[in-house]
Amino acid sequence: MRTFHAAAAPHLPSKRTVRGVMSQVLLALVPGIAVHAWLFGPGIFVQIVIASGFALAFEAALLRLRGRPLAPFLTDGSAVVAASLFALCIPPLAPWWIAAVAMFFAIVIAKHCFGGLGHNVFNPAMVGYVVVLISFPLQLTRWPLPRELSSGTPGLDATLQAILGGRVIAPDGIDALTGATPLDAIRTGLAEGRPLDTVLQSPVFGAVGGTGWEWLAAAFGIGGLYLLWRGIIRWQVPVATLGSVLVMALVAWVLNPETYPSAVLHCLSGGLVLGAFFIATDPVSGCASGRGRLVFGAGVGVLTLVIRYWGGYPDGVAFAVLLMNMAAPLVDRVTRPRVYGT
Amino acid sequence: MKPVVATSEPAPKTPPVADRIGERLYRFDGGLRLRHNKKIACRDPVARPALPAELVVPMRQHSGPPARPCVAEGQFVLKGERIGEGPERGAHIHAPTSGRVTSVQDRPMAHATGQPGTCVVIRPDGEDRWGERTPFPAWETSDPAALRAHIRHHGIVGLGGAVFPTDLKAGAATVTPIHTLVLNGVECEPWIACDEMLMREQPRHLVEGALILAHAAGVERVVIAIEDQMGAVERALAEAAAELGGGRCRVVKVPTVYPEGGERQLVQTLTGLEVPAGGYPHDLGLLVQNVATAAAVRQAVIAGEPLVERIVTVTGHGVRHPRNLLALLGTPAAHLVEAAGGYTDDAARLVVGGPMMGYPLGSDAEPVVKATNCLLVLTTGDMRPPQGELPCIRCGDCASACPARLQPQELQFMARAAQWDAVAALGVDACIECACCDLVCPSQIPLADWFRYAKGEVRRVSSERVAAERARERFEAREARLERARQEKAERLARRKDKLRDEAGRKRQIEAALARAKGTKDPSAEDEA
């Protein structure tokens with residue numbers, strides 16, 4: 001007779017792990033990060049390293065405080081994903097303490113005060129970003145001009161000086177590199193009473209979106225398609241987000257092309273593609289059912305445009321995501337599918 | 001999909017769905033495509049292992065209460081002799097071989113609960129001598145009820161795993177008339193191949209059994225559902241069906257998706273209809289039986305042999321020579337593993353059934369029962385590492401995989417919080433415990449285990465609530481009765497008091513009258529005088 005150790009079914013290894021999912025997300029960000037670095041210099045790498053460092057440090061401290069095991073949660077990859085997404089939202093030469101403050105709010109407040117991994121109501125990366133966006137508008141709006149519009153991108157040396165030393169306005173003219181993002185340009189132009197088509201003559205606008213920015217959007221789109229292909233994210237959120245923006249912007253544009261930019265321009269500028277594939281698809285703070293995800297994505301798209309059209313900020317993806325995070329539990333509740341046989 | 005055998009007879013009065021079964025397939029929600037791992041056990045034909053030294057025959061091999069042993073220690077039994085008297089909603093147990101009963105005692109037995117139960121232990125005499133075999137003559141023209149009694153007599157239960165007595169299922173009184181017998185040959189769990197081998201090797205027996213079963217249930221049509229990856233099976237079955245069944249029997253191929261073989265999923269695939277919550281395929285006019293059950297019915301009716309053996313797949317990376325064995329009920333698992341070449345060095349877990357829903361055995365001394373379709377020996381590499389559970393990240397992969405359209409991520413939150421009402425409201429009763437959610441969960445939460453537990457708790461809470469409600473009703477009834485008694489007593493007292501008062505009053509009245517009479521006596525006397 002031989003005895004065996006018993007354990008409950010299923011007796012098969014899991015198809016995937018949280019760490020695997022997070023690694024895939026990071027992998028899918030690679031094209032976007034690469035294009036970002038090509039357009040704006042190595043600042044993004046420095047920002048990712050700094051933000052990840054702070055995120056992991058806060059994560060470890062809070063896990064320690066809460067008496068949770070460190071190893072499984074530090075290696076699950078969620079903190080690094082949040083840090084990377086945050087880094088992609090801020091100007092690449094922003095001072096280091098921006099990331100520190102943001103990661104404090106992301107990891108300590110938004111994540112661990114709500115119960116840690118899986119329990120956060122709000123998307124941590126967006127909480128961190130919105131806190132610093134509201135608190136430090138000067139540092140957060142000083143975007144450098146992309147490669148095509150400037151004499152070149154700063155080297156690693158200048159980047160580190162800018163980020164760590166705070167020497168943003170260097171005598172050799174890093175200042176000259178900063179300028180308006182396409183959405184800023186539209187906003188300021190319309191506020192000054194110029195008609196939209198004159199505003200769009202500016203060199204910051206390229207073939208379909210903002211000069212340089214359209215490449216970034218495309219790279220995030222490629223990463224997003226990769227996630228879809230690997231089954232890490234599902235189609236509902238990106239399709240609903242981009243679809244609702246396309247439809248709403250198209251209607252607005254048809255009604256008044258003097259004031260409202262085209263649907264394609266909207267989709268490809270700001271953080272919309274990144275948001276649609278990487279941020280609104282965050283499972284923890286989003287909806288879980290298929291129909292719920294459609295509602296969630298559409299909400300993000302519509303709110304983004306509402307903020308862009310009538311709000312106080314040129315881009316609204318982060319606010320839209322946070323607002324929909326609030327609505328997610330209710331959306332999940334009302335979109336619950338009918339159970340088999342009932 | 002075109003039916004393999006076209007129906008030529010004029011359709012009797014049945015719901016339109018009956019005619020369309022198999023013409024078009026529907027999809028059930030969720031499900032997973034799993035690595036099949038079946039071929040490994042199908043290289044050799046089904047073989048009969050040597051007689052074991054001892055057969056341990058549990059008295060509980062069917063759903064419902066256990067059978068009562070009707071043999072004594074030391075008694076000699078012939079193969080097929082009844083050794084356990086089945087209860088009304090159960091099945092009889094028969095001696096799997098000839099030999100002497102060495103004991104009747106409690107033994108651990110292969111059951112998901114792992115609880116020991118009464119077993120009849122038989123030491124085979126090695127001759128495997130049959131007792132009287134009782135075929136059922138001319139079943140085609142027989143009374144279905146008599147046929148069902150014969151099936152009951154031979155101890156036949158559903159061999160797909162639920163082991164519900166076949167005669168009861170075939171004879172169940174239903175609101176909707178049963179129009180179609182669906183033979184479930186969809187063996188969707190990985191590794192298990194006993195039904196596939198049966199269909200491959202005994203297609204004629206199986207079709208014959210199906211027709212008998214259909215007659216016993218008063219059903220005209222038979223649909224045999226198989227997986228679309230069972231190539232050889234389809235041809236063999238279709239030939240047998242055409243030859244024996246005329247136009248009544250057709251073979252339908254369904255997609256190879258787990259858990260297609262689940263009764264509810266198969267019904268949905270074939271008809272597009274959902275079995276109502278808390279109901280059975282009966283409610284849609286369907287009788288679903290496993291293919292092995294049909295073959296067992298054929299053995300009982302044509303050969304007159306009770307259910308004493310079944311095909312068991314002995315497989316997995318943990319056995320040296322995976323294969324299918326025709327095992328006598330009561331054969332210890334160890335004996336079958338031995339017959340399949342023995343354990344490999346890294347064998348780590350012994351499972352009854354498949355890797356998705358099977359339950360583990362604590363020891364290989366436990367015997368094969370009517371429900372045992374597979375003995376799966378797994379190695380450490382096959383299983384999930386024991387650590388690694390993380391909090392739910394609400395990715396919803398579980399919900400996408402759920403064939404019952406449940407939201408496992410919400411259910412597990414509620415179950416962790418012991419919110420059983422919420423768990424019930426989310427529909428946990430519809431969970432078929434297929435473990436698809438569990439397998440896809442990146443946080444490695446043992447969801448299937450949670451839901452098995454949650455279903456038990458929901459039942460417990462609701463029965464406690466019923467009990468509490470009854471107790472409250474009893475208490476209130478008692479209070480009311482006591483109150484009533486008190487009131488009656490008070491009324492009685494009051495009446496009595498009144499009466500006494502009345503009597504006292506009357507007495508006074510009489511006295512007064514008497515006094516008056518006395519007082520007036522003199523004048524009257526005077527008058528008289």
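Owing to the predicted nature of the structure, the values given are computational and were not obtained by experimental measurement.

Points about the overall build of chain A
- A tally of regular secondary structure across chain A gives 17 helices and zero strands.
- Over its C-alpha atoms chain A spans a radius of gyration of 21 Å, differing by no more than 12% from the 20 Å that the globule rule assigns to 342 residues.
- Each principal axis of the C-alpha atoms in chain A carries an extent, and together these give about 85 × 50 × 30 Å.
- A buried classification covers 54% of the 342 residues belonging to chain A.
- Summing over all exposed atoms, chain A offers an accessible surface of approximately 14200 Å²; the carbon and sulfur share of this is 68%.
- Taken as two groups, the 21 positive and 14 negative side-chain charges of chain A have centres that lie 20 Å from each other.

What to know about the packing of helix H4 (residues 194–201) of chain B against helix H6 (residues 231–245) of chain B
All names here are of chain B.
- Relative to each other, H4 and H6 sit at 45°, their axes nearing to 8 Å. Put simply, H4 runs oblique to H6. Note on packing geometry: the crossing formed by H4 with H6 is left-handed. Across the interface between the two elements, Glu196, Met199 and Arg200 from H4 touch Ala232, Val233, Ala236 and Leu237 from H6.
- A breakdown of the residues in the contact of H4 with H6 according to their chemical character gives five nonpolar, no polar and two charged.

Digging into H4 of chain B
- Of all eight residues in H4 of chain B, six are buried, a share of seventy percent or more.
- Where H4 of chain B is concerned, the buried positions are Cys194, Asp195, Glu196, Met197, Leu198 and Met199 of chain B.

Regarding the domain arrangement of chain B
- The domain boundaries assigned to chain B delineate domain 1 (1–47 + 141–307), domain 2 (316–382) and domain 3 (390–495).
- The C-alpha centroid of domain 3 of chain B is placed 36 Å from the C-alpha centroid of domain 2 of chain B.

Topic: H6 of chain B
Residues and elements named next belong to chain B.
- Over its 15 residues, H6 extends 21 Å from the first C-alpha to the last, a length consistent with the 21 Å expected when each residue adds 1.5 Å.
- Taken together, the buried positions of H6 are occupied by Val233, Ala236, Leu237, Ala238, Ala240, Ala241 and Gly245.
- The inward-facing, buried residues of H6 abut H4, helix H5 (203–217), strand S9 (221–227) and strand S10 (249–254).
- Trailing H6 by a residue or two, glycine 246 shows a phi angle of about 60°, which is positive.

Focus: the side chain of serine 289 of chain A
- With respect to the helices, strands and loops of the structure, serine 289 of chain A is situated in the loop between helix H15 (272–279) and helix H16 (290–310).
- In contact with serine 289 of chain A, other than residues within four places in its own chain, are Asp332, Thr335 and Pro337 of chain A together with Gln407 of chain B.

Brief notes about empty space enclosed by the protein
- Taken as a whole and assessed by the stated rule, the structure comprises five cavities of 30 Å³ or more.
- Of the voids in this model, the largest cavity is the one considered here, and its volume is about 520 Å³.
- As for the largest cavity, its lining consists of 37 residues, of which Met22, Thr281, Asp282, Pro283 and Val284 of chain A are closest to the centre.
- For the lining of the largest cavity, the secondary-structure elements that each account for two or more residues are helix H1 (18–40), helix H4 (78–89), helix H6 (124–135), H15 and H16 of chain A.
- The greatest single-element share of the lining of the largest cavity, amounting to five residues, is contributed by H4 of chain A.
- Looking at the lining of the largest cavity, its residues break down into 24 nonpolar, seven polar and six charged.
- Of the voids in this model, the second largest cavity is the one considered here, and its volume is about 110 Å³.
- Of all the secondary-structure elements, those providing two or more residues to the lining of the second largest cavity are helix H11 (408–416), helix H13 (436–440) and helix H14 (447–528) of chain B.

Quick word on the sheet that holds strand S5 (residues 93–94) of chain B
Residues and elements named next belong to chain B.
- The strand order across the open sheet formed by three strands is S2-S4-S5, and the pairing between neighbours is antiparallel. Taken across any chain shown, the strands that pair with only one partner, and hence form the sheet edges, are strand S2 (68–69) and S5.
- Of the pairings in the sheet, the one linking S2 to strand S4 (residues 82–85) comprises two bridges and is antiparallel in character. Looking across to S4, one finds that proline 69 is bridged to glycine 84.

Concerning a positive patch on the surface
- Taken together, the side chains of Lys489, Arg492, Arg495, Arg496 and Lys499 of chain B make up a positively charged region of the molecular surface.
- For lysine 499 of chain B, a relative accessible area of 51% gives the class exposed.

Things to note about unusual backbone geometry
- Of note, the bond from alanine 9 of chain A into proline 10 of chain A is cis; its omega dihedral lies within 30 degrees of zero at 0°.
- Omega for the peptide link from tyrosine 258 of chain B to proline 259 of chain B comes to -5°, which places this bond in the cis form.
- Looking at the element boundaries, proline 259 of chain B is found in the loop between S10 and helix H7 (263–271).
- Residues other than glycine seldom take positive phi values, yet alanine 418 of chain B does so here, at roughly 55°.
- Positionally, alanine 418 of chain B belongs in the loop between H11 and helix H12 (420–425).

Some remarks on the nonpolar core
All names here are of chain A.
- Core analysis: the largest hydrophobic core is formed by 90 residues, its most contacted members being Phe86, Leu274 and Phe278.
- Counting residues per element, this core draws most heavily on H1, at ten residues.
- Discounting residues that sit within four places of it in the chain, phenylalanine 86 has contacts with Ala51, Ile98, Ala99, Ala102, Met103, Ala125, Gly128, Tyr129 and Val132.

So, how was this worked out
- Residues numbered from 1 in each chain as written.
- Chains lettered and ligands numbered in written order.
- Predicted model: local features only at pLDDT ≥ 70, side-chain atom pairs only at ≥ 80, totals over all residues.
- Heavy atoms only, no water.
- Helix = DSSP H or I, 4+ residues; strand = E, 2+ residues; numbered from the N terminus.
- Rg over C-alpha atoms; globule rule 2.2 N^0.38 Å.
- Buried < 20%, exposed > 50% of the residue type's maximum accessible area, 1.4 Å probe, protein only.
- Areas by Shrake-Rupley, 256 points an atom, 1.4 Å probe, with all protein chains shown as cover.
- Lys, Arg positive; Asp, Glu negative; His and termini not counted.
- Charge placed at Lys NZ, Arg CZ, Asp CG, Glu CD.
- Axes fitted to C-alpha atoms, helices over the stretch in contact; angles between N-to-C directions.
- Parallel < 35°, antiparallel > 145°, perpendicular 65-115°, else oblique.
- Left-handed = near helix turned anticlockwise from the far one by under 90°.
- Contact = heavy atoms within 4.5 Å.
- Nonpolar A, V, L, I, M, F, W, Y, C, P; charged D, E, K, R; others polar.
- Domains from an automatic or database assignment.
- Expected span 1.5 Å × (residues − 1).
- 1 Å grid on protein atoms, 1.4 Å probe; cavity = no way out; pocket = protein on both sides within 12 Å on 5 of 7 lines; lining within 4 Å.
- Points joined across faces, edges and corners; volume = space filled by probe spheres on them.
- Pairing = 2+ DSSP bridges.
- Patch = residues over 30% accessible without salt bridge, like charges linked within 9 Å, V, L, I, M, F, W, Y side chains within 5 Å.
- Salt bridge = Lys/Arg side-chain N within 4 Å of Asp/Glu carboxyl O.
- Core = buried A, V, L, I, M, F, W, Y, C linked by side-chain atoms within 4.5 Å.

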